[in-house]
Amino acid sequence: MPQLVIATVAVEVPMGAQVYQEEVATRAARALSAPPGDTVSPTASQAPARAGDWTVKRTVARSLRSPLPGTLRLPLSRLGTASPALRRAAGRVVYPRGAVVHRVGLELPPHPTRDVVTIQDVVSWRFDDESRPVRAAAEEARRAAAVVTVSEFSADEIAELLGVERPHVAYNGVDERYFRTPPLDAAALEALGITGPYVLHAGGASRRKNLESLAAAWPLIHSARPDLTLVMSGPRNARRDALFGALAGTRLVGRLPDDVMPGLVAGAAVVVVPSHYEGFGLPALEGMAAGVPVVAARTSSLPEVVGDGGLLVDPTPDEIAQATLFVLSDDPEVAAMVERGRVRSADFTWERSAAQHAAVWRSVAAR
């Protein structure tokens, strides 16, 4: 009986990668029990395993002293800098020999033969202010039975930078709550220090997020629309504080609970995603699903996610400001764009993503 092990790392503050792993993991058994689709077309020598006869297991690794829940303890810091040979030896110890093992955390050791690994993007290699890449990650990606990523852009980047066969693409989905959650009411907004209409940026504050251009654009927007507030949602960060803390009409609300975010997005006048580099760009998709105008950079993966469902611009202060003010206008094209965004975002489902993953798992199991 084929066995799938989904291996992840326990974290204290879940972010986008953890959303991805949980959404796919919770749908894995159902996706494998469904008839195989044609998302991945195996060769004749790699025919899909028969549907419905899989077992699915979760492995959640944590460091030796971590208080977080998990299923096993590993010296994760040491493994991050260990040689490929030592990491393969660790994989032989911790995983079932005949299983297909899908690693979501690159820190985790690889399965010696049926290793599937998700690489969301290559920001660790591209940007020195991101977390450092695992020493053996590139070699392990080249040795893996399959590499999965979340956009065509990321697939090209991974193939070029890491020298691997082009990865399988399984787009992220969007949480269904973004389609149906009403905007936060006045009392909930006031509790966050928000009054009146607001422009929303949600996400991290690393250099690739291009917050400098948004900070330079905001005075132009605010001078034309002094009734607006720029709301910044994301983990507390000194860089974000320095850029926006002294700007008039801004509100830094920190990282908010997952059940608050759909309502915050739904109530925004505009969602702005000015990033120079995204592996996928989930905040743009969430804004589209919520029926909010989206202004996004014409860079990296954002055009393939946003398509014609948002306004794509060069991520300069002037273009960000002009685009934001345009989507706040009564131009009928804005309403048409928002409707296109709602329709487009409905194609990005976690069920579709899980089915694409299942095709990869079947193919690897059949080798």
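Since the model is a prediction, treat every value here as computed from it, not as a measurement.

Analysis parameters
- Residues numbered from 1 in each chain as written.
- Predicted model: local features only at pLDDT ≥ 70, side-chain atom pairs only at ≥ 80, totals over all residues.
- Heavy atoms only, no water.
- Domains from an automatic or database assignment.
- Contact = heavy atoms within 4.5 Å.
- Buried area = accessible area lost by both parts, 1.4 Å probe.
- Helix = DSSP H or I, 4+ residues; strand = E, 2+ residues; numbered from the N terminus.
- Core = buried A, V, L, I, M, F, W, Y, C linked by side-chain atoms within 4.5 Å.
- Buried < 20%, exposed > 50% of the residue type's maximum accessible area, 1.4 Å probe, protein only.
- Pairing = 2+ DSSP bridges.
- Salt bridge = Lys/Arg side-chain N within 4 Å of Asp/Glu carboxyl O.
- Polar contact = N/O pair within 3.5 Å; in protein donor to acceptor, adjacent residues only side chain to side chain.
- Phe/Tyr/Trp six-rings, centres within 6.5 Å; stacked < 30°, edge-to-face > 60°.
- Lys, Arg positive; Asp, Glu negative; His and termini not counted.
- Axes fitted to C-alpha atoms, helices over the stretch in contact; angles between N-to-C directions.

### What to know about the domain arrangement of the protein chain
- Domain boundaries assigned for the protein chain yield domain 1 (3–173 + 349–366) and domain 2 (176–347).
- Each of domain 1 and domain 2 has a C-alpha centre, and these two points are 30 Å apart.
- Listed as interface residues are 23 residues of domain 1 and, on the opposing side, 16 residues of domain 2.
- Summing both partners gives a buried area of about 1700 Å² for domain 1 against domain 2, and 55% of it is carried by carbon and sulfur.

### A short note on unusual backbone geometry
- With a phi close to 60°, Asn210 is a non-glycine residue in the positive phi region.
- Position of Asn210 relative to the elements: it lies in the loop between strand 8 (198–202) and helix 9 (211–224).

### Things to note about the nonpolar core
- The biggest cluster of nonpolar side chains holds 61 residues, and the ones touching the most others in it are Leu264 and Trp361.
- Top element by residues in this core is helix 16 (residues 350–365). It accounts for seven residues.
- In this structure, this core is formed jointly by two domains, domain 1 (3–173 + 349–366) and domain 2 (176–347), each of which donates at least three residues.
- Counting 24 residues, the second-largest nonpolar core is a separate cluster that includes Leu211, Ala321, Ala323 and Met337.

### Section: the sheet that holds strand 1 (residues 3–9)
- The seven strands are arranged 3-2-1-4-5-6-7 in an open sheet whose pairing can be described as parallel. Since the sheet does not close on itself, it has two edges, and those belong to strand 3 (72–73) and strand 7 (168–169), each with one partner.
- Pairing of strand 6 (residues 146–149) with strand 7 involves two bridges; the strand directions are parallel. Note on strand 7: the bridge partner recorded for Val148 is His168.

### Side note on the environment of Leu161
- Topologically, Leu161 is positioned in helix 6 (residues 152–162).
- Judged by its relative accessible area of 34%, Leu161 falls in the partly exposed class.
- In sequence terms Leu161 and Ala138 are 23 residues apart; their C-alpha atoms lie 8.8 Å from each other.
- Excluding residues that lie within four positions of it along the chain, Leu161 makes contacts with Val122, Trp125 and Arg126.

### Thoughts on the pattern of salt bridges
- Applying the stated criterion across every chain, the model contains 21 salt bridges.
- Taking the shortest distance from any N to any O, the salt bridge between Glu23 and Arg27 comes out at 2.6 Å. Pair noted here: Glu23 and Arg27 are both in helix 1 (residues 16–33), with a separation of four residues, about one helical turn.
- For Arg27, a relative accessible area of 22% gives the class partly exposed.
- Between Glu212 and Arg239 there is a salt bridge whose closest N-O contact spans 2.1 Å.

### Overview of the environment of Glu351
- Assignment of secondary structure puts Glu351 in helix 16.
- As a C-alpha pair, Glu351 and Glu23 span 328 residues in sequence and 8.7 Å in three-dimensional space.
- Within the structure, Glu351 has its side chain in polar contact with the side chain of Arg27 (distance 2.9 Å).

### Looking at the pairing of strand 11 (residues 270–273)
- The two faces of strand 11 match: Val270 and Val272 on one face and Val271 and Val273 on the other face are all buried.
- Taken together, the two bridges between strand 8 and strand 11 define a ladder with parallel strand orientation. Across the sheet, Val199 pairs through a bridge with Val270, a residue of strand 11.
- In this sheet, strand 12 (residues 294–297) lies alongside strand 11 in parallel orientation, the contact comprising three bridges. Bridging from a neighbouring strand, Val271 pairs with Val294 of strand 12.

### Overview of the packing of aromatic side chains
- Within this structure, the stated rule accounts for six aromatic pairs.
- Judged by centre distance (5.2 Å) and plane angle (70°), the rings of Phe153 and Tyr277 are edge-to-face. In this pair, Phe153 sits in helix 6 while Tyr277 sits in the loop between strand 11 and helix 12 (282–289), placing the two residues 124 residues apart along the sequence. For the pair Phe153 and Tyr277, one class covers both residues: buried.
- With 6.1 Å between their ring centres and 70° between their planes, Phe280 and Phe348 make a pair best called edge-to-face. Taken as a pair, Phe280 in the loop between strand 11 and helix 12 and Phe348 in the loop between helix 15 (332–345) and helix 16 lie far apart in primary sequence, 68 residues in all. Phe348 shares its class with Phe280; the two are buried.
- Clustering of aromatic rings is evident, with ring pairs tying together Phe127, Phe153 and Tyr277.

### Examining the side chain of Arg62
- By the element assignment, Arg62 lies in strand 2 (residues 55–62).
- At 13 Å, Glu12 is the nearest oppositely charged side chain to Arg62, a buried residue that forms no salt bridge.
- Among the polar contacts made by the side chain of Arg62, one reaches the main-chain carbonyl oxygen of Leu68 at a distance of 2.9 Å.
- Excluding its chain neighbours within four sequence positions, the residues that come into contact with Arg62 are Ala10, Leu68, Pro69, Gly70, Leu72, Arg73, Leu74 and Leu76.

### Concerning the sheet that holds strand 10 (residues 250–254)
- If you walk across this open sheet you meet the six strands as 10-9-8-11-12-13, and the pairing is parallel. Because the sheet does not close on itself, it has two edges, and the strands there are strand 10 and strand 13 (311–313). Taken over all neighbouring pairs, the strand axes of this sheet differ in orientation by 20° on average, direction set aside.
- The pairing of strand 12 with strand 13 spans three bridges and is classified as parallel. Paired with Val295 across the bridge in strand 13 is Leu311.
- Packing against the sheet, helix 9 makes contact with strand 8, strand 9 (229–233), strand 10 and strand 11, and its axis sits at approximately 160° to strand 9.
- Together, strand 8, strand 11 and strand 12 form the strand contacts of helix 12, whose direction differs from that of strand 11 by roughly 165°.

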